Amino acid sequence: MKRKMIVYMLAMIATCMSGHKVISEELTCECNGLNIYGVMYRPDTQGRLPAVVLSHSSSLTHAAMAGYAEKLAAEGYAAYCFDFCGGSSESLSDGSEEDMTVFTEVDDLRAVVQRIKQLDYVDADNVVLLGSSQGGLVSALLAEELGTDIKAMVLFYPAFNIPEMVKMFSSWGNWGDWGNLGDFGNFGGMMSMSEGYINSIKDFDVWSHIGKFDKPVCIIHGTKDIIVPIS
């Protein structure tokens, strides 16, 4: 269902593409002494552009968002996709997977937004966050913090249920001994979780930290999603 929805969205975007020539360039940021790798896609035009910052799902990289970024650039946006520090074994950013948590990713995204707003071709008052799954949760948490500094949000199946998933899996084994957990130690192969990751999120109440953001929000979510239920 997710894949069909994403293909449909891409087709719709492609149908209404404005035909701008798209240029891409590597662009790095810095957060807490770590280098964040990313790629900026933007139309080859003059003037300040609205910007979209795209945050990938857990265990993925900027490449998972590159297609969306390129289409957005063709529509006239500066679209930046990047690798979270320690976000996966394939990440081109600094940092270890063992040190990554939802909250280090919030820090990364905050640093990225600050960097993007400083670019001379970006309209700093017109920045949109787009995030998928864990990247959607991270985007929502940062939007709550930044408030009017963010123009709008687009969330693909945001994983607001990560604390509940962690609690469920933690009841099945000793989190200090990953060898006894098999695939449950990484949500059945979907994502890796360090002890620090688990301890930082297992008692976190997502709902008390989102909901005050009063700008436009679009949520794209499959009704038959078994990982992040539509509820």
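Note that residues are indexed from 1 along each chain, following the sequence as it is written. Confidence filtering applies because this is a predicted model: local features only for residues at pLDDT of at least 70, side-chain atom pairs given and counted only at 80 or more, and all residues used for totals across whole chains, interfaces and linings. Just so you know, side-chain values use all the structure's heavy atoms and leave hydrogens and water out.

1. Digging into the overall build of the protein
Summing up its helical and strand segments, the protein has six helices and nine strands in all. Residues are treated as being in contact if the distance between any of their heavy atoms lies within 4.5 Å. Considering only contacts within the protein whose residues lie at least 6 apart along the sequence, 69% involve residues at least 24 apart. Under the convention used here, a 1.4 Å probe and the Shrake-Rupley method define accessible areas, while residue burial counts only the protein chains that appear. Carbon and sulfur atoms form 51% of the exposed surface of the protein, whose accessible area is close to 11,100 Å². Helix and strand assignments come from DSSP, with helices taken as H or I runs of at least 4 residues and strands as E runs of at least 2, each series counted from the N terminus.

2. Notes on the confidence of the model for the protein
Chain-level statistics for the protein give a pLDDT mean of 87 and a share of 82% at 70 or above. Low pLDDT (under 50) marks residues 10-17, which in the prediction has 10 contacts with non-local residues, meaning those over four places away or in another chain. Confidence scores labelled pLDDT are given residue by residue by the predictor and lie between 0 and 100.

3. Let's talk about the packing of aromatic side chains
Note on aromatic pairs: the rings of Phe, Tyr and Trp (six-membered ring only in Trp) are paired at centre separations within 6.5 Å, and the planes decide the class, stacked below 30 degrees, edge-to-face beyond 60, tilted for the rest. Per the stated rule, a full pass over the model turns up six aromatic pairs. With 5.5 Å between their ring centres and 80° between their planes, phenylalanine 160 and tryptophan 207 make a pair best called edge-to-face. With phenylalanine 160 in the loop between strand E8 (152-156) and helix H5 (162-170) and tryptophan 207 in the loop between helix H6 (195-201) and strand E9 (217-220), this residue pair connects regions lying 47 residues apart in the sequence. Buried residues are those whose accessible area, probed at 1.4 Å on protein chains only, stays under 20% of the maximum for their type, while exposed residues exceed 50% and partly exposed ones sit between those limits. Overall, the relative accessible area of 13% leaves phenylalanine 160 in the buried class. Through a chain of ring-to-ring contacts, three or more aromatic side chains come together here, namely Tyr68, Phe156 and Tyr157.

4. Observations regarding the sheet that holds strand E7 (residues 122-132)
Sheets are built from strands paired through backbone hydrogen bonds, the pairs being either parallel or antiparallel. DSSP bridges decide pairing: two strands pair if at least two such bridges lie between them. Here seven strands make up an open sheet; going across it, the order is E1-E4-E6-E5-E7-E8-E9 and the pairing mixed. Of all strands in the sheet, those bounded by a partner on one side alone are strand E1 (22-26) and E9. Going from strand to strand, the sheet's axes swing by 20° on average, the running direction of each strand aside. Pairing between strand E5 (residues 49-55) and strand E6 (residues 78-82): four bridges, direction parallel. Paired with valine 53 across the bridge in E6 is tyrosine 80. Helix axes are fitted to C-alpha atoms over the stretch in contact, other axes to C-alpha atoms as well, and angles between N-to-C directions run from 0 to 180 degrees.

5. What to know about the nonpolar core
Within the largest apolar cluster, 49 residues are counted, with the highest numbers of intra-cluster contacts made by Val53, Leu109, Ile116 and Tyr197. Apart from the residues lying within four places of it in its own chain, the contact partners of isoleucine 116 are Leu27, Met40, Ala51, Val53, Tyr80 and Val122. Counting 19 residues, the second-largest nonpolar core is a separate cluster that includes Leu54, Met65, Ala79 and Leu130. Residue types Ala, Val, Leu, Ile, Met, Phe, Trp, Tyr and Cys, when buried and joined through side-chain atoms within 4.5 Å, form a set referred to as a nonpolar core.

6. Looking at unusual backbone geometry
For serine 59, which is not a glycine, the phi torsion comes out positive at approximately 70°. Within the element layout of this structure, serine 59 appears in the loop between E5 and helix H2 (66-74). Judged by its relative accessible area of 29%, serine 59 is partly exposed. Even without a glycine there, the phi angle at tyrosine 157 is positive, about 35°. Take tyrosine 157: it is sitting in the loop between E8 and H5.

7. Examining the side chain of asparagine 161
Its location among the elements puts asparagine 161 in the loop between E8 and H5. The exposure class of asparagine 161 is buried, given its relative accessible area of 16%. At 3.0 Å, the side chain of asparagine 161 forms a polar contact with the backbone oxygen of isoleucine 227. Pairs of N or O atoms within 3.5 Å make up the polar contacts considered here, provided that, within protein, one atom can donate a hydrogen while the other can accept it, and that residues adjacent in sequence are counted only when both atoms are side-chain atoms.

8. Overview of the environment of aspartate 107
With respect to the secondary-structure elements, aspartate 107 resides in helix H3 (residues 102-117). Aspartate 107 sits in the partly exposed class, given a relative accessible area of 26%. Distance from aspartate 107 to phenylalanine 84, taken between C-alpha atoms, is 9.6 Å for residues 23 residues apart in sequence. Non-local contacts of aspartate 107, meaning those with residues more than four positions away in its chain, are made with Cys31 and Asn32.

9. What about the pattern of salt bridges?
A pair is scored as a salt bridge if a Lys or Arg side-chain nitrogen falls within 4 Å of a carboxyl oxygen belonging to Asp or Glu. Inspection of every chain in the model, using the stated rule, returns three salt bridges. One salt bridge connects arginine 110 with aspartate 107, and the closest N-O pair in it is separated by 2.9 Å. Residue arginine 110 and its partner aspartate 107 are both found in helix H3; the two are separated by three residues, about one turn of the helix. When the shortest N-O distance is used, the salt bridge between glutamate 145 and arginine 110 registers 2.8 Å. With glutamate 145 in helix H4 (residues 134-146) and arginine 110 in helix H3, this residue pair connects regions lying 35 residues apart in the sequence. Glutamate 145 gets classed as partly exposed once you look at its relative accessible area, which sits at 46%. Arginine 110 gets classed as partly exposed once you look at its relative accessible area, which sits at 22%. Taken together, the shared-partner salt bridges connect Asp107, Arg110 and Glu145 into one network.

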